[in-house]
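Summary of structural features
The lines below spell out each chain.
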Amino acid sequence: MNILISNDDGVRAPGILAAKQAVEDLANVYVVAPDKNNSSVGRRITLFKHLKLDSCELEDGSPAYSVSGSPADAVIVGANYVMDEKPDLVITGINSGVNISCDITTSGTVCAALEAVSLGIPAIAVSLFMDPKTSYKQDENGEWYIDYDFSLAKEVLHDLVLKIINKGFPDGVDLFNLNVPSNYDSKDIKITHLSHRMLDKKVIDNTEDSEIFNYPLDENQDSDDLVMITSNLVREYEKGSDGYALIVEKCPSLTPLNANMTYHDLKEW
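Residues numbered from 1 in each chain as written. Predicted model: local features only at pLDDT ≥ 70, side-chain atom pairs only at ≥ 80, totals over all residues. Heavy atoms only, no water.

Here we look at the pattern of salt bridges
- Here the structure, examined in full by the defined rule, presents six salt bridges.
- Its salt-bridge partner being Lys20, residue Asp60 comes within 2.5 Å of it at the nearest N-O pair. Taken together, the positions of Asp60 in the loop between strand E3 (53-57) and strand E4 (63-67) and Lys20 in helix H1 (residues 14-23) put the pair 40 residues apart, joining distant regions of the chain.
- For Asp60, a relative accessible area of 38% puts it in the partly exposed group.
- Classification of Lys20 as buried rests on a relative accessible area of 7%.
- Between Lys190 and Asp188 there is a salt bridge, with the nearest N and O atoms lying 3.3 Å from each other.
- Under the relative-accessibility criterion, Lys190 is labelled partly exposed at 25%.
- Relative accessible area serves as the criterion here: at 43%, Asp188 is assigned to the partly exposed category.
- When salt bridges with common partners are traced through the structure, they connect Lys20, Glu24 and Asp60 into a single cluster. (Salt bridge = Lys/Arg side-chain N within 4 Å of Asp/Glu carboxyl O. Helix = DSSP H or I, 4+ residues; strand = E, 2+ residues; numbered from the N terminus. Buried < 20%, exposed > 50% of the residue type's maximum accessible area, 1.4 Å probe, protein only.)

Section: helix H2 (residues 71-82)
- Buried residues dominate H2, accounting for nine of its 12 residues.
- Packed against the buried residues of H2 are strand E1 (2-6), strand E2 (28-34), E3, E4, strand E5 (89-96) and helix H3 (108-118). (Contact = heavy atoms within 4.5 Å.)

A word on the pairing of E4
- Pairing of E2 with E4 involves three bridges; the strand directions are parallel. Each bridged residue has a counterpart across the sheet, and for Pro34 the counterpart in E4 is Val67.
- Of the strand pairs in this sheet, E3 and E4 are connected by five bridges, and their pairing is antiparallel. Opposite Cys56, over in E4, you have Ala64 as the bridge partner. (Pairing = 2+ DSSP bridges.)

Here's the deal with the nonpolar core
- If you look at the biggest cluster of nonpolar residues, it comprises 37 residues, and the most contacted ones within it are Ile91, Ile124, Leu157 and Val161.
- Breaking this core down by element, the ones donating at least two residues are E1, H1, E2, E5, strand E6 (123-129), helix H5 (151-167) and strand E9 (175-181).
- No other element matches H5, which puts seven residues into this core.
- Discounting residues that sit within four places of it in the chain, Ile124 has contacts with Leu89, Val90, Ile91, Thr92, Leu157, Leu160, Val161, Ile164, Phe169, Phe176 and Leu178.
- Counting 22 residues, the second-largest nonpolar core is a separate cluster that includes Val82, Val90, Ala113 and Ala123. (Core = buried A, V, L, I, M, F, W, Y, C linked by side-chain atoms within 4.5 Å.)

Here's the deal with the packing of aromatic side chains
- For the structure shown, the criterion picks out two aromatic pairs.
- Ring geometry for Tyr148 against Phe150: centres 6.2 Å apart, planes inclined by 5°, an arrangement best described as stacked.
- Given the relative accessible area of 36%, Tyr148 is considered partly exposed.
- Its relative accessible area of 8% is what places Phe150 among the buried residues. (Phe/Tyr/Trp six-rings, centres within 6.5 Å; stacked < 30°, edge-to-face > 60°.)

Below, the structure written as structure tokens:
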């Protein structure tokens, strides 16, 4: 089996190495990913513009390729150019952050998997939910840091890919959206549906007393006429949804998805 791994956090992100380590005993693994972070870019594709493709190494010394484009670009270049033949499976992630609900259409991780499906390749998008209560820790100097614990995500991803090798994808399923909690030990995987939304979004401007607005400005920007979109994670979800399994039950959530969003029950209107 040949597996292509990509992401939206960039080729040097720790999650892509974790994804490779999770499945390298099951298949021939190729890593092709953006050269820098491309979070929340959706399914953006770079058409008729030059892309730089560079060989590089992951932290363990294994070979990889970086692409100066989007996550979808990386999947296209990896599947159609870097690899001698199209992969049997594409894995995107492991994303450092949650990707649940109907908001997944903004996710570079999930949309890279959707790009694979458009190429006729089944895919798995994998994300790590880092609960602030367990993932944000202090070192001996009192400095806060994020504990990226990929151990459970690697184990769940390995078992899922092994099951796919043995049984194939279920009929009608194009891709799986897998979310695994960090710093929890529950392997009770829930098959879920998309919740309504993941983020509460708000627009702020320079009149609000907010440290968030004091992010560094881009060149030639004046804060007097700027606004900023901010968001907070939704905490209440309906039972059976991805958010409920992940955030309330603290279990891995596996959501089967189909790339065709047609609502077939509407015959006339």
